[in-house]
Each structure stands twice: as C-alpha cells, then as structure tokens.
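A closer look at the structure
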Amino acid sequence: MMEEATETVRPVQSISIPSIRVTEAMKNEDSLVFVVRAQELSGNQEHRVERTFEDFEWLQHCLFTQDDVPGLQGVIFPPLPPKPAHSQSNLQPKVLRQLGFLALGEDWKPYCIALQKYLQQVAAHSTLGTNTAWPSFLTHTDPPGKQRMRKGLFSWLSQAVEEKRKENRKDVDDFFQTERDDNLTLVGLTRTAAEKFLDMVLTEQKIAVACGHFSTSLHLVIGQEEDPILVAFSKMCLKLSEVIDVVKKNFESVADNNIYTLGLALDLNLRYQEAKKEMLFRRTCKLVELENANRNAEKAKSIKKATMEEIKKSAEKDFDHISAVAKLEIEKFHRMRVEVFQQSLVEWCESQLSTARERCVLLTQQLTAFRLLATE
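Scope of this entry: the structure provided in the associated data block.

Examining the sheet that holds strand β2 (residues 31-39)
What the three strands build is an open sheet, ordered β1-β2-β3; its pairing is antiparallel. Of all strands in the sheet, those bounded by a partner on one side alone are β1 (21-28) and β3 (46-52). Between one strand and the next, the sheet's axes are offset by a mean angle of 25 degrees, whatever the strand orientation. Pairing geometry for β2 and β3, over seven bridges, is antiparallel. Its bridge partner being in β3, Ala38 is matched across the sheet by His47. Set on the sheet, helix α1 (residues 53-64) makes contact with β2 and β3; between it and β3 the angle comes to about 100 degrees.

Things to note about the side chain of Arg359
Among the structural elements, Arg359 can be located in helix α8 (residues 302-375). No salt bridge is formed by the buried Arg359. Its closest oppositely charged neighbour is Glu358, at 4.8 Å. A distance of 3.2 Å separates polar atoms of two side chains, one belonging to Arg359 and the other to Ser253. Those residues in contact with Arg359 that lie beyond four places of it in its chain are Val246, Lys249, Asn250 and Ser253.

Regarding the pattern of salt bridges
This model, assessed by the stated rule, comprises 15 salt bridges. Salt-bridge contacts for Glu252 lead to Lys248; the nearest nitrogen and oxygen are separated by 2.9 Å. On the criterion of helical spacing, the pair formed by Glu252 and Lys248 is a turn pair, its members being four residues apart in helix α7 (residues 228-299). Because the salt bridges share partners, they merge into one network encompassing Arg21, Arg37 and Glu46.

Here we look at the layout of surface pockets
Considering only enclosed or pocket space, the second largest pocket measures out at about 920 Å³ in volume. Gln121, Leu268, Tyr272, Met336 and Val340 are the residues nearest the centre of the second largest pocket, which is lined by 33 residues in total. For the lining of the second largest pocket, the secondary-structure elements that each account for two or more residues are α3 (109-124), α7 and α8. Per-element accounting of the lining of the second largest pocket gives the leading share, 11 residues, to α8. Its residues assigned to classes, the lining of the second largest pocket comprises 17 nonpolar, eight polar and eight charged.

Section: the packing of aromatic side chains
How two aromatic rings sit relative to each other is given by the distance of their centres and the angle of their planes. Counting across every chain of the model gives 10 aromatic pairs. Three or more aromatic residues joined by ring pairs make a cluster, and in this case those are Phe34, Phe56, Trp108, Tyr111, Tyr118 and Phe137. Here Arg283 stacks its cationic end above the ring of Phe176, 3.7 Å away from the centre of that ring.

Each value, and the rule that gives it
Residues numbered from 1 in each chain as written. Predicted model: local features only at pLDDT ≥ 70, side-chain atom pairs only at ≥ 80, totals over all residues. Heavy atoms only, no water. Pairing = 2+ DSSP bridges. Helix = DSSP H or I, 4+ residues; strand = E, 2+ residues; numbered from the N terminus. Axes fitted to C-alpha atoms, helices over the stretch in contact; angles between N-to-C directions. Contact = heavy atoms within 4.5 Å. Buried < 20%, exposed > 50% of the residue type's maximum accessible area, 1.4 Å probe, protein only. Lys, Arg positive; Asp, Glu negative; His and termini not counted. Salt bridge = Lys/Arg side-chain N within 4 Å of Asp/Glu carboxyl O. Polar contact = N/O pair within 3.5 Å; in protein donor to acceptor, adjacent residues only side chain to side chain. 1 Å grid on protein atoms, 1.4 Å probe; cavity = no way out; pocket = protein on both sides within 12 Å on 5 of 7 lines; lining within 4 Å. Points joined across faces, edges and corners; volume = space filled by probe spheres on them. Nonpolar A, V, L, I, M, F, W, Y, C, P; charged D, E, K, R; others polar. Phe/Tyr/Trp six-rings, centres within 6.5 Å; stacked < 30°, edge-to-face > 60°. Lys NZ or Arg CZ within 6 Å of the ring centre and 35° of its normal.

As structure tokens, then:
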C-alpha cells in the first residue's frame, strides 16, 4: 500500500477528470518519468507530479486488491499499457511488436496518450473511481509505495497451468458462454487488424525516409555549369527535389494520422478485449470454486456439514456478486467500445482528408512551377 504522506488526501470528487493529462516523458537514467497534471474541480489549482511506470503499476495493484469491494473480480479493469522500452531508437522487432503504436511517434507521445486515457478511465469508473489511491497518485508530489509487484517464474507457470485447465470449462450461463466465445474471436481479429495496420504505418514511415534520401540526392547533381542544357537540368532536379520533399511530408503526415487516431484506437481496443478476457476467466475460476464447494457440502459428514454449508453459501454469494457486476460491465463495455471506435474512425477520416487537401494544393503549385520551367 501507499507510504504514509504528510499531505492531506483530497476527496475523490475534487479532481476534474478531463483535466488529467500526461504531458511528457523524460529520460531518467534507465527509466522514463512521466509528467502528470490534474486540476481541482473548485478553483484553478493545478497539480504536477512525476511518475515512473512502476508507480502506475502500484496504482493498478491498489485497484486490484480492494478486498472490501463486493464483486470486484467482475470489473473490467482499464488496461495498463505494457512497460515502455528504454529508448525508441533501434527497437528490437519483438519489442516493437509488443509495444506496437505506443513505440511510434516522437518523444513517447503515443505512450503518454495511452497512460492519460488509463488515468481518466480509472477516475471515471463507477467502482474504481471511489478508491482514494488515484487522487493521491495525482496530487502527492512524493512517489507512491516503493514496493514492486513482481511475479516469479513459478507464479507465472502456475497461472499458465491454471488457465489451461479452466479455459475450456463450459459456463452454466449462456450469456457468459457466448461472451467468452465472442471475446476469444475478437481478441484474435483485433490483434491481426492492429498488426496489419502497424505494418502499413511502418511502411509509410520507410517510404518517407526513402523520399528524404531521394530529395537530398537530387541536390548532388546541381552544379555551376554554363551549358544552358545542364543549367536547365539542374533547375529541373532542384524542382523535382522540392516535389519529392512534399511527397515525403505527405507520407509522414499520413503515418502520424494513422498512429494518433485509428492506430491508438486499435491498440486500446485490443488491450480492453484482453482485460475483458481476464475478467471472464476470474469469473470462471469462481464458478469452479463454487462447484467444488457444492460437492464438498454434499459429501461432508455430519460433523463438518455445517461448516461446508457456510463455505458453500459464501461461495454462492461471491459468485452472484461477481456475475451481477460482470453483466453490467459487459453491457457498458459494448456500448463504449462502439462509441469510441466510431469516434476514432471519424477522426481518422477527417485528418486524412485534411492532409490530402493540403498536399493537393502544394502538388498543384509544384505542377504549375514545372510547366513554367518547360516554357523557359
């Protein structure tokens, strides 16, 4: 849990959710430090704190371990992005695939946007938003708890074995079984769409780099010749270099539009689908636990019958709470997923249309200039 701080923890409702921003990422030795800003609802007081990725993991851990919240395991937790790499230059293909669109752009801007969305989603959640960990995370200048939540090799192996054992367990509720089947399909399709879209963006960036090299190389043939033909050739190369530079900037703009609209939307959608999968698995585990409790109660001898019945009732109560919360979370998830993805598609189309119009004007100007050269 968080270390005791000297500052007073502000009420949860005191922070304006739209004002929560992650404005920049700064390199500090072998880690990244993110600047987080938030504003009070009453007054204009703004808080500025510096947080590492481990601090965000601490916040997520606090949200996961609220033992006093009924049905918490039925919550689809806002997904925390994967741990960032130390540098964006020369990323290994495996790391690039893991981070996806978060590793592109300049100065870790996409990653800052992802963390900002994470904080806003936590704050806006009807259950998680009542936890006092996130407002203190935004307002205390001192870093939160120093402990790191790490899993050892045996913990990961144990979890993998458990998932394999229970992943094919048929659900007693058709609603949840359908959701599990659909989620399994959507995780695969969304991951494929995100990977293909990432390949397209990386290709656009490579084309932009190639255009830059080509534009520069055209300047190498320009000399101080007195021959009219060579002078005309030099002028044509110079003008062609300007045209290729316009093409270069167009590919750069198109790639950036893809990253900051549909790219980040696909990334977030995939991580939310995986968060939903984790929630459904937690409920399946509770279902198995309930079935075991029922069997133990049926087989218990008279001396242990009362104890086993209490365990059974407790398991039933927990399972019902989780199922009730999970249904509400799934309904909200479907609604928000459609709205957010629709908004990202609109933003993507508008940004690409604006870029196309701007480049069309510039290329038209270049074409006019070429025609004037031909008449000279």
